[in-house]
Amino acid sequence: MQTATTGFAANLPLDTALDDFNAFVSLSTSTEGSNAGRGALPKGAKIAIKDNLCTADLPTTCSSAFLQDFRPPYDATVVSLLRTAGGDIAGKTNCDEFGMGSFNTNSTHGPVINPFKPQDARTQASEAPRSAGGSSGGSAAAVAADLSYAAIGTDTGGSVRLPASYCGVVGLKPSYGLVSRWGVVSYADSLDCVGILAKSVERVQNVFDVICRFDQKDPTSIPQDVRDRSKSRTDHSLDVWSHLAPGRFDGIKIGIPQEYFPTEMDASLRSQFRKTLETLKERGAELVPVSLPSTKYALSAYYVLASAEASSNLARYDGVRFGTYQKPAPRTDLSDTSAVYAQSRSKGFGAEVRKRILLGTYALTADAFDNYYLQAQRIRHAIKRDFNSVFRSPNVLLQNPNPPTTGGVDVVLHPTAINSAPRLGDAVQQGVDGYVQDVLTTPASLAGLPCVSVPWCVAADGWPVGMSVVGQWGDDRVVLRVAELTEDLER
């Protein structure tokens with residue numbers, strides 16, 4: 001597959017991104033990080049930040065008209081850590097409004113255009129613009145177009161991994177709770193993760209090492225003692241694998257989930273995945289068929305839970321406390337606060353956000369709570385049990401984790417998406433049908449597991465599709481190591 005140049009933009013005039021891909025919505029005027037050249041990141045490394053993370057020197061709009069004038073007085077923890085490590089914050093990237101979308105078409109700033117260029121020149125000439133994926137499409141596009149060394153996104157149900165797949169870059173969703181969410185504008189608190197996009201696994205690892213810290217300001221941040229237990233376990237696996245010859249997978253057990261090949265998947269991807277499995281086997285990997293039976297319910301459960309949490313989180317935006325105020329229409333009963341709030345909320349929120357608020361509000365009503373919300377929570381627990389049953393390593397978050405099993409796998413491998421990036425015109429028209437794009441990414445989100453999408457192949461239309469590596473909770477470095485090995489398959 002085609003890959004872009006490995007260099008990153010240290011002093012590139014970023015206004016070109018606004019015209020070509022609509023990746024950035026605001027640009028930083030600073031020229032270097034607070035510790036440039038002396039931190040953990042390479043000197044001059046530009047880092048793009050998704051527009052739902054707070055930055056003291058740049059607006060944070062969440063790509064919503066409701067927050068068009070919001071300028072936070074502080075940096076999100078992740079942004080502060082990056083600055084301290086020498087990162088140069090390049091600017092804020094376009095995204096779906098409040099992180100809700102799979103194609104980055106639900107943005108007040110307009111859609112993001114996928115920068116990928118097919119190898120076939122004739123295809124390039126006749127090709128209509130394609131989606132960069134969502135909701136972190138601007139971050140993926142910034143990386144794919146070499147406008148930044150790496151980019152920060154957020155992943156609730158696939159919002160880092162899907163854009164990574166569409167744009168042909170690497171995208172990591174860390175284990176839930178390892179990276180601080182303080183300063184991230186909430187969509188669904190129990191699902192939101194700060195993720196990383198870059199051109200290579202090595203760059204993702206560099207950024208991950210910087211931002212993976214306990215943060216007492218984030219109540220969902222995992223305590224240090226749990227992190228230490230997880231690290232001692234992963235250190236053992238990495239030590240064993242450190243002796244592997246280049247391109248070899250000897251001793252690595254890879255699970256292939258039978259439920260991850262739905263009928264909606266592009267047929268060409270199935271055949272290419274079989275070829276990849278043959279290559280892995282030839283290089284020493286032990287392939288193990290596994291079953292994750294609750295997967296078929298994951299997408300429905302995800303949209304119930306995420307929408308329910310969104311309806312609660314977004315209740316604060318009323319035009320008075322938060323958000324742009326909309327003057328009430330004539331003859332509005334000003335003594336009715338809900339009528340006043342409704343003016344601002346109807347004007348400020350886009351159609352997709354309003355849809356999900358309504359869905360989530362209904363799921364939390366007395367009539368629907370048992371049948372929808374509680375059922376979705378039961379499915380979520382079933383999905384976690386499914387994953388725990390197939391991994392070799394126990395889940396350190398459990399009070400009484402099962403002992404390590406010799407029959408379990410180290411990681412699970414599957415295609416990231418069911419097809420390549422859709423044309424922008426088709427993406428806008430998909431509506432609810434577009435939700436199926438998340439069918440392969442939501443299970444890991446519901447289980448809170450680390451998952452990285454790496455460039456894998458091109459579909460029959462010449463556009464890229466990624467492959468995902470999923471690991472047990474806390475095995476982020478294990479997942480990244482296996483991803484690095486699979487990355488070598490394409491070299």
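Residues numbered from 1 in each chain as written. Predicted model: local features only at pLDDT ≥ 70, side-chain atom pairs only at ≥ 80, totals over all residues. Heavy atoms only, no water.

Some words on unusual backbone geometry
Then, number 1: A cis amide bond, omega 10°, links Gly 134 with the succeeding residue Ser 135.
Then, number 2: Looking at the element boundaries, Ser 135 is found in the loop between α3 (121–126) and α4 (137–144).
Then, number 3: At Asn 22, a residue that is not glycine, the phi angle is positive and equals roughly 60°.
Then, number 4: A positive phi is found at Ser 63, a non-glycine position, where the angle reads about 55°.
Then, number 5: You can see Ser 63 is positioned in the loop between β2 (46–50) and α2 (77–84).
Then, number 6: Residue Ser 63 is classed as buried on the basis of its relative accessible area of 0%. (Helix = DSSP H or I, 4+ residues; strand = E, 2+ residues; numbered from the N terminus. Buried < 20%, exposed > 50% of the residue type's maximum accessible area, 1.4 Å probe, protein only.)

Describing α4
Then, number 1: The buried fraction of α4 amounts to 8 of the 8 residues, a majority that puts the element mostly inside the structure.
Then, number 2: Among all positions in α4, only Gly 137, Gly 138, Ser 139, Ala 140, Ala 141, Ala 142, Val 143 and Ala 144 are buried.
Then, number 3: Phi for Asp 146, located one or two positions after α4, is positive at around 60°.

Regarding the confidence of the model for the protein chain
Then, number 1: This prediction gives the protein chain a mean pLDDT of 91; 91% of its residues lie at or above 70.
Then, number 2: Across residues 1–13, where pLDDT falls below 50, the model places 36 contacts with residues more than four positions away in sequence or in other chains. (pLDDT = per-residue confidence, 0-100. Contact = heavy atoms within 4.5 Å.)

Some remarks on the pattern of salt bridges
Then, number 1: Applying the stated criterion across every chain yields a total of 18 salt bridges.
Then, number 2: The partner of Lys 199 in a salt bridge is Asp 146, and the shortest N-O contact between them spans 3.2 Å. Highlighted residues: Lys 199 in the loop between β6 (193–198) and α6 (201–211) and Asp 146 in the loop between α4 and β4 (150–155), separated in sequence by 53 residues. With respect to class, Lys 199 is no different from Asp 146; both count as buried.
Then, number 3: Between Asp 235 and Arg 477 there is a salt bridge, with the nearest N and O atoms lying 2.5 Å from each other. One end of the pair, Asp 235, is in helix α7 (residues 224–241); the other, Arg 477, is in helix α15 (residues 476–489), with 242 residues separating them in the sequence.
Then, number 4: For Asp 235, a relative accessible area of 27% corresponds to the partly exposed category. (Salt bridge = Lys/Arg side-chain N within 4 Å of Asp/Glu carboxyl O.)

Some remarks on the pairing of β2
Then, number 1: In terms of burial, β2 is a largely internal element, 5 of the 5 residues being buried.
Then, number 2: In β2, alternate side chains face the same way, and those of Lys 46, Ala 48 and Lys 50 on one face and Ile 47 and Ile 49 on the other are all buried.
Then, number 3: Of the strand pairs in this sheet, β2 and β4 are connected by 3 bridges, and their pairing is parallel. What sits directly across from Ile 49, in β4, is Ile 152. (Pairing = 2+ DSSP bridges.)

Describing the nonpolar core
Then, number 1: Grouped together as the largest cluster of nonpolar side chains are 110 residues, with contacts concentrated most on Leu 82, Phe 98 and Ile 152.
Then, number 2: Discounting residues that sit within four places of it in the chain, Phe 98 has contacts with Cys 62, Ser 64, Leu 67, Val 185, Tyr 187, Leu 314, Tyr 317, Phe 349 and Val 353.
Then, number 3: The next biggest cluster of nonpolar side chains, apart from the first, holds 19 residues, and it includes Ala 48, Val 160, Val 169 and Leu 197. (Core = buried A, V, L, I, M, F, W, Y, C linked by side-chain atoms within 4.5 Å.)

A look at the sheet that holds strand β3 (residues 88–93)
Then, number 1: The strand order across the open sheet formed by 11 strands is β1-β3-β2-β4-β6-β5-β10-β11-β9-β7-β8, and the pairing between neighbours is mixed. Only two strands of the sheet have a single neighbouring strand rather than two, namely β1 (24–27) and β8 (286–290). Pairs of neighbouring strands in the sheet enclose a mean axial angle of 30°, with direction left out of account.
Then, number 2: Across 3 bridges, strand β5 (residues 170–173) lies against strand β10 (residues 451–458) in antiparallel orientation. Bridged to Gly 171 within β10 is Ser 453.
Then, number 3: Helix α8 (residues 267–282) rests against β7 (253–257), β8, β9 (411–415), β10 and β11 (464–471) of the sheet, and its axis sits at about 110° to β10. (Axes fitted to C-alpha atoms, helices over the stretch in contact; angles between N-to-C directions.)

A word on the packing of aromatic side chains
Then, number 1: In total, this model carries 15 aromatic pairs according to the counting rule given.
Then, number 2: The interplanar angle of 90° and the centroid separation of 6.4 Å between the aromatic rings of Tyr 317 and Phe 349 together place this pair among those described as edge-to-face. With Tyr 317 in the loop between α9 (298–313) and α10 (337–348) and Phe 349 in the loop between α10 and α11 (351–363), this pair connects stretches of sequence that are 32 residues apart. By the burial criterion, Tyr 317 is buried, and Phe 349 matches it.
Then, number 3: Chaining the aromatic ring pairs together yields one cluster made of Phe 66, Phe 98, Tyr 317, Phe 322 and Phe 349.
Then, number 4: For Lys 217, the ring lying beneath its charged end belongs to Trp 182, and the centroid distance is 4.0 Å. (Phe/Tyr/Trp six-rings, centres within 6.5 Å; stacked < 30°, edge-to-face > 60°. Lys NZ or Arg CZ within 6 Å of the ring centre and 35° of its normal.)

Some words on the environment of Cys 95
Then, number 1: Of note, Cys 95 is situated in the loop between β3 and α3.
Then, number 2: On the basis of relative accessibility, which here comes to 0%, the residue Cys 95 falls in the buried class.
Then, number 3: On a C-alpha basis, the gap between Cys 95 and Gly 110 in space is 9.2 Å, while along the polypeptide they are 15 residues apart.

Observations regarding the packing of α9 against helix α12 (residues 369–390)
Then, number 1: Taken N-terminus to C-terminus, the directions of α9 and α12 make an angle of 125°; their axes are 9 Å apart at the nearest point. As far as their axial angle goes, α12 and α9 are oblique. Between α9 and α12 the crossing geometry is left-handed. For the pair α9 and α12, the contacting residues are Ala 298, Ala 301, Val 304, Leu 305, Ala 308 and Glu 309 in the first and Tyr 372, Tyr 373, Ala 376, Gln 377, Ile 379, Arg 380 and Ile 383 in the second. (Parallel < 35°, antiparallel > 145°, perpendicular 65-115°, else oblique. Left-handed = near helix turned anticlockwise from the far one by under 90°.)

Focus on the environment of Val 184
Then, number 1: Considering the arrangement of structural elements, one finds Val 184 in the loop between β5 and β6.
Then, number 2: In this structure Val 184 comes out as buried when scored by relative accessible area, which is 13%.
Then, number 3: Aside from chain neighbours lying at most four places away, what touches Val 184 is Asn 52, Leu 53, Thr 154 and Val 194.

What to know about the packing of α7 against α15
Then, number 1: Following both chains from N to C, one finds α7 and α15 inclined at 25°, their axes separated by 8 Å at the closest point. By the criterion of interaxial angle, the relationship of α7 to α15 is roughly parallel. Across the interface between the two elements, Lys 231, Thr 234, Asp 235, Ser 237, Leu 238 and Trp 241 from α7 touch Arg 477, Val 478, Arg 481 and Val 482 from α15.
Then, number 2: When its residues are assigned to classes, the contact of α7 with α15 shows 4 nonpolar, 2 polar and 4 charged. (Nonpolar A, V, L, I, M, F, W, Y, C, P; charged D, E, K, R; others polar.)

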